[in-house]
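Next come the chains, spelled out residue by residue.
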Amino acid sequence: MSFGFDLLATDGAARAGLLRTAHGEVATPTFMAVGTAGTVKAMTTDAVRATGAKIVLGNTYHLMLRPTAERVARLGGLHKMMDWPGPILTDSGGFQIMSLAKLRKLDETGVTFRSHLDGSAHHLTPERSMEIQFLLDSTITMVLDECTKFPATEDEAAESMRLSARWARRSRDAFVPRDGYGQFGIVQGGVYEGLRRESVDALRAIGFEGYAIGGLAVGEGQAMMFEMLEITAPMLPADKPRYLMGVGTPDDLLGSVARGVDMFDCVMPTRAGRTARAFTSRGVFNLRNARFIDDARPLDEACGCLCCTRHTRAYLHHLIRCEEILGPMLLTMHNLTYYQSLMTGARAAIFERRYEAYCTATRAGWQES
Ligand SMILES: [Zn+2]
């Protein structure tokens, strides 16, 4: 099967589509569960599938350090190693080097850094990042880029974006095309419209199977993020998938879909699940709170996940208080199911051209807890 994207319906700027890959199809808009080190934390792959997830994300930085890309390849690739035959998107490693690694130094060739695990020295170039993602057998490979810091002056954002554009060219040249596999370019340019335009033009001239919008959700706030999406999304080709990296809350997702985004990833639902927080159709709950001690209701009456159909809020509160590992497992399961149902509902609403009403009703529900 060749890699492709069918745009099936629109409602305003909101889009419903179908991503076709060598490892299966993904209905969009979609949320990708984050499987940093070859596992969606606290979840078996059967449990991930049961949430409705069709595609997961793996992290180049973590996997290149441990167990190493070459070892993953010897184990049959990331799909086989983690028992996830579906599509996998891998990031390029750049973002996490900047947030996790020590003594990092960036120059034209790439980025030199020391591992946060053992201090060992590494040099990641666009070419090496593509090689690593090839060894991982990633369905969707991301170009190596520099995520422009926020705040950044226009000159700083321009310099950073142009470096990313040169790395995008090198990433494309180093990418090995395979049937059903794709590579996404990443739009940078900070909060400057002219730079976003220059970045999009440079990436479209190279040509990718999809386009990511990077450098947002880095501290600029939701209003500015939405403003940048309104500027950037219409510049991107309509017949290619659009991925907003590292976003976000349920409200961020609804607002970004409304502005033309198809794909998301974020640690929020999984990380929140490990810290006793639940995203529900009635807003965010902290299950550590004593008000749940005798609450025999399901966590979310509107949810069909195992956590909500088989257990009570009181039991979840008990598990959290006792620091039982099942607590984070059940909350992660629920949170990922909630994110998937949010996207499934959005898709149905776009087909029926009632997306705005869907957002209004969903947001009203969050106020009812
Ligand atoms: Zn649930």
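Refer to the structure presented above.
Worth saying up front: this structure is predicted, and the values here are computed from it rather than measured.

Undergrad: Just checking my understanding: could you explain the sheet that holds strand β13 (residues 242-244) for this structure?
TA: Paired through their backbone hydrogen bonds, the strands of a sheet run either parallel or antiparallel. The parallel closed barrel is built from eight strands, whose spatial order is β4-β5-β6-β10-β11-β12-β13-β14. For this sheet, the mean inter-axis angle between neighbouring strands, taken without regard to orientation, is 30 degrees. Relative to strand β10 (residues 140-142), strand β6 (residues 88-90) runs parallel, the two sharing two bridges. Counterpart to Thr90 in the pairing with β10 is Thr141. Across the face of the sheet, helix α14 (residues 326-351) comes into contact with β4 (30-34) and β14 (263-265) while running at roughly 160 degrees to β4.

Undergrad: Help me out: how do you make sense of the pattern of salt bridges in this one?
TA: Opposite charge on two side chains permits them to pair, given that their charged atoms come into close proximity. According to the stated counting rule, one finds 20 salt bridges in the structure shown. One salt bridge connects Arg15 with Asp262, and the closest N-O pair in it is separated by 3.0 Å. Highlighted residues: Arg15 in strand β2 (residues 14-21) and Asp262 in the loop between α10 (250-258) and β14, separated in sequence by 247 residues. Across the pair, Asp262 and Arg15 agree in class, each one buried. Linking Asp173 and Arg169 is a salt bridge whose minimum nitrogen-to-oxygen distance equals 2.8 Å. In this pair, Asp173 and Arg169 both sit in helix α7 (residues 154-174), four residues apart, roughly one turn of the helix. What makes Arg169 partly exposed here is its relative accessible area of 37%. Where salt bridges share partners, they join Asp46, Arg49 and Asp83 into one cluster.

Undergrad: Can you walk me through the layout of surface pockets in this structure?
TA: Computed from the structure, the largest pocket encloses a volume of approximately 810 Å³. Lining the largest pocket are 33 residues, with Phe95, Gln96, Gly246, Asp265 and Val267 sitting closest to its centre. Here the lining of the largest pocket gets five residues from one element, more than from any other, and that element is helix α5 (residues 94-100). A per-class count over the lining of the largest pocket returns 14 nonpolar, 13 polar and six charged. Estimated volume of the second largest pocket: approximately 340 Å³. Along the walls of the second largest pocket sit 16 residues, with Glu146, Cys147, Thr148, Lys149 and Ser160 positioned nearest its centre. At the level of elements, α5 and α7 are the ones that each hand at least two residues to the lining of the second largest pocket.

Procedures and definitions
Residues numbered from 1 in each chain as written. Predicted model: local features only at pLDDT ≥ 70, side-chain atom pairs only at ≥ 80, totals over all residues. Heavy atoms only, no water. Pairing = 2+ DSSP bridges. Helix = DSSP H or I, 4+ residues; strand = E, 2+ residues; numbered from the N terminus. Axes fitted to C-alpha atoms, helices over the stretch in contact; angles between N-to-C directions. Contact = heavy atoms within 4.5 Å. Salt bridge = Lys/Arg side-chain N within 4 Å of Asp/Glu carboxyl O. Buried < 20%, exposed > 50% of the residue type's maximum accessible area, 1.4 Å probe, protein only. 1 Å grid on protein atoms, 1.4 Å probe; cavity = no way out; pocket = protein on both sides within 12 Å on 5 of 7 lines; lining within 4 Å. Points joined across faces, edges and corners; volume = space filled by probe spheres on them. Nonpolar A, V, L, I, M, F, W, Y, C, P; charged D, E, K, R; others polar.

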